[in-house]
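Here is what each chain is made of, one letter per residue.
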Amino acid sequence: MSRDDDTSKTLIAKFTRRDLVLYALSVGCNGDDLSHCYESHPDFEPLPSFLLSLIFMAQSEGDRPFLTGIRRFPPSFMRHAGGVGPLPRRFLSDSYFDEADSQDSPTVLHMSQSLSMHSPIILREPTLDDPDPPTTTKINVAIEQVKPRGIGTFVKTKMEYSQDGTLVATSEMVALILGIDPSHVVPLDDVSEQPASKKMKSRSQIFRATETKMLQFDVPRNAALLYRLTGDYNQIHVDGGSLFDGPLLHGLCSLGMVSRAILQYTESKASDLKSIDCHFTKPVFIGDALEMWILRNDGCIDFCVTSQNKGEVKVKGKLLLVQKALSSL
């Protein structure tokens with residue numbers, strides 16, 4: 001899936017049922033979702049979006065011992081010798097390093113994320129000696145596109161998640177790197193084959209539809225502090241860093257909250273989720289009062305998350321359930 005060694009790497013992540021429960025609680029699960037947050041529930045199953053958090057605790061295959069507990073930021077997939085964030089050294093011109101001493105440390109923002117499920121997530125079965133054995137997942141990471149623009153540099157990364165030799169899921173994320181003059185960045189064109197996908201409904205299309213449903217919820221004050229324990233320890237989610245006045249909710253936490261809410265609203269099982277494509281259009285802050293607008297659209301569910309007071313679109317995207325779940329809606 002890669003072109004060159006410096007644009008791809010293979011990482012290993014290990015997780016337990018405890019990690020699955022912590023993730024479920026961090027995206028809003030509670031006593032109504034015991035199948036996700038109680039490991040002894042007869043129908044216990046992971047939320048598919050949990051896979052997206054694994055990249056933040058994954059490490060290189062040869063690294064020993066395998067780390068546990070709180071990790072440093074940036075994570076392994078964003079660390080490149082001589083590079084900046086998710087950008088390897090080969091994409092930075094010599095002129096960048098000539099001026100680097102006078103530049104602020106670049107900020108990395110999560111702009112979009114997709115996840116496509118191909119097979120159920122595998123869990124190791126408990127034993128008498130180990131009631132919560134770790135499950136190993138191999139993650140192949142490859143940079144697909146580097147696009148310098150006036151606002152910053154967009155980097156698209158593809159990830160493949162495999163367990164026991166089976167491809168479980170694929171994902172794509174787009175990050176925006178701020179603080180690097182685009183003239184210092186060497187672009188990389190995306191030559192990967194892109195499958196045809198349905199275009200997302202616009203906010204106005206969703207709002208105008210008579211069958212649109214609306215859910216309201218507040219972002220808990222401890223949401224980012226809880227979610228960071230799943231692996232993303234970026235300080236921007238604690239104090240806002242140098243760009244924002246307060247802590248931002250992780251984009252992947254927003255995605256997890258949205259997918260969990262749609263699964264609950266449609267009375268679907270986690271294993272019914274086939275894919276989700278999410279764009280983070282505005283920052284979601286701790287304590288935000290939000291509205292989520294949901295519209296079924298020819299087999300897809302379009303969603304739009306807005307602030308209750310200003311109506312700003314914070315998150316938008318689409319989610320696809322397997323056909324048996326869609327037919328029951």
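Calculation notes
Residues numbered from 1 in each chain as written. Predicted model: local features only at pLDDT ≥ 70, side-chain atom pairs only at ≥ 80, totals over all residues. Heavy atoms only, no water. Helix = DSSP H or I, 4+ residues; strand = E, 2+ residues; numbered from the N terminus. Buried < 20%, exposed > 50% of the residue type's maximum accessible area, 1.4 Å probe, protein only. Contact = heavy atoms within 4.5 Å. Phe/Tyr/Trp six-rings, centres within 6.5 Å; stacked < 30°, edge-to-face > 60°. 1 Å grid on protein atoms, 1.4 Å probe; cavity = no way out; pocket = protein on both sides within 12 Å on 5 of 7 lines; lining within 4 Å. Points joined across faces, edges and corners; volume = space filled by probe spheres on them. Nonpolar A, V, L, I, M, F, W, Y, C, P; charged D, E, K, R; others polar. Pairing = 2+ DSSP bridges. Axes fitted to C-alpha atoms, helices over the stretch in contact; angles between N-to-C directions.

Chemist: When you look at the environment of Phe66 in this model, what are you seeing that I'm missing?
Modeler: Here Phe66 shows up in the loop between β2 (59-60) and α4 (94-99). By relative accessible area, Phe66 is classed as partly exposed at 22%. Measuring from C-alpha to C-alpha, the distance between Phe66 and Lys14 comes to 8.7 Å, with 52 residues separating the pair along the chain. Not counting residues within four places of it along the chain, the set of residues in contact with Phe66 comprises Ile12, Ala13, Lys14, Met57, Gln59 and Arg71.

Chemist: What is the right way to look at the packing of aromatic side chains in this model?
Modeler: Two numbers describe a pair of aromatic rings. These are the distance of the centres and the angle of the planes. By the definition in use, this model includes six aromatic pairs. Measuring from ring centre to ring centre gives 5.6 Å for Phe56 and Phe77, while their planes differ by 90 degrees; the resulting arrangement is edge-to-face. Of this pair, Phe56 sits in the loop between α3 (50-53) and β2 while Phe77 is found in the loop between β2 and α4, placing the two residues 21 residues apart along the sequence. When its relative accessible area of 11% is taken as the criterion, Phe56 is described as buried.

Chemist: How do you make sense of the layout of surface pockets when you look at a structure like this?
Modeler: Unfilled space is identified by rolling a water-sized probe across the atoms. The space that makes up the second largest pocket amounts to roughly 540 Å³. Every residue lining the second largest pocket is counted, 32 residues in all, and those nearest its centre are Val108, Leu109, His110, Met111 and Leu248. Looking at side-chain class alone, the lining of the second largest pocket contains 23 nonpolar, seven polar and two charged residues.

Chemist: Would you mind going over empty space enclosed by the protein with me for this structure?
Modeler: For the coordinates displayed, the defined rule picks out three cavities of 30 Å³ or more. Estimated volume of the largest cavity: approximately 70 Å³. Lining the largest cavity, in full, are Thr7, Ser8, Lys9, Phe77, His80, Pro86, Val141, Ala142, Ile143 and Thr157. Within the residue set of the lining of the largest cavity, elements represented by two or more residues are β1 (8-15) and β4 (135-148). In terms of residue count, the dominant contributor to the lining of the largest cavity is β4 (three residues). Here the lining of the largest cavity is built from residues that sort into five nonpolar, four polar and one charged.

Chemist: Quick question: what am I supposed to make of unusual backbone geometry here?
Modeler: The phi angle of most residues is negative, glycine excepted, and most peptide bonds adopt the trans form. Cis geometry is found at the peptide bond from Phe73 to Pro74, where omega equals 5 degrees. Among the secondary structure elements, Pro74 is positioned in the loop between β2 and α4. With a phi close to 50 degrees, Asp164 is a non-glycine residue in the positive phi region. Within the secondary structure, Asp164 is located in the loop between β5 (153-163) and β6 (166-178). Asp164 gets classed as exposed once you look at its relative accessible area, which sits at 53%.

Chemist: Help me understand the sheet that holds strand β10 (residues 300-307), please; the structure alone is not making it clear to me.
Modeler: Across a sheet, strands are paired by hydrogen bonds formed along the backbone, either parallel or antiparallel in direction. Here we have eleven strands laid out as an open sheet, ordered β2-β1-β4-β5-β6-β3-β8-β11-β10-β9-β7, and antiparallel in their pairing. Because the sheet does not close on itself, it has two edges, and the strands there are β2 and β7 (213-218). The pairing of strand β8 (residues 273-280) with strand β11 (residues 313-321) spans seven bridges and is classified as antiparallel. Across the sheet, the residue bridging to Ser275 is Leu320, located in β11. Relative to the sheet, helix α8 (residues 251-265) contacts β3 (107-117), β7, β8, β9 (289-297), β10 and β11, its axis offset from that of β8 by approximately 135 degrees.

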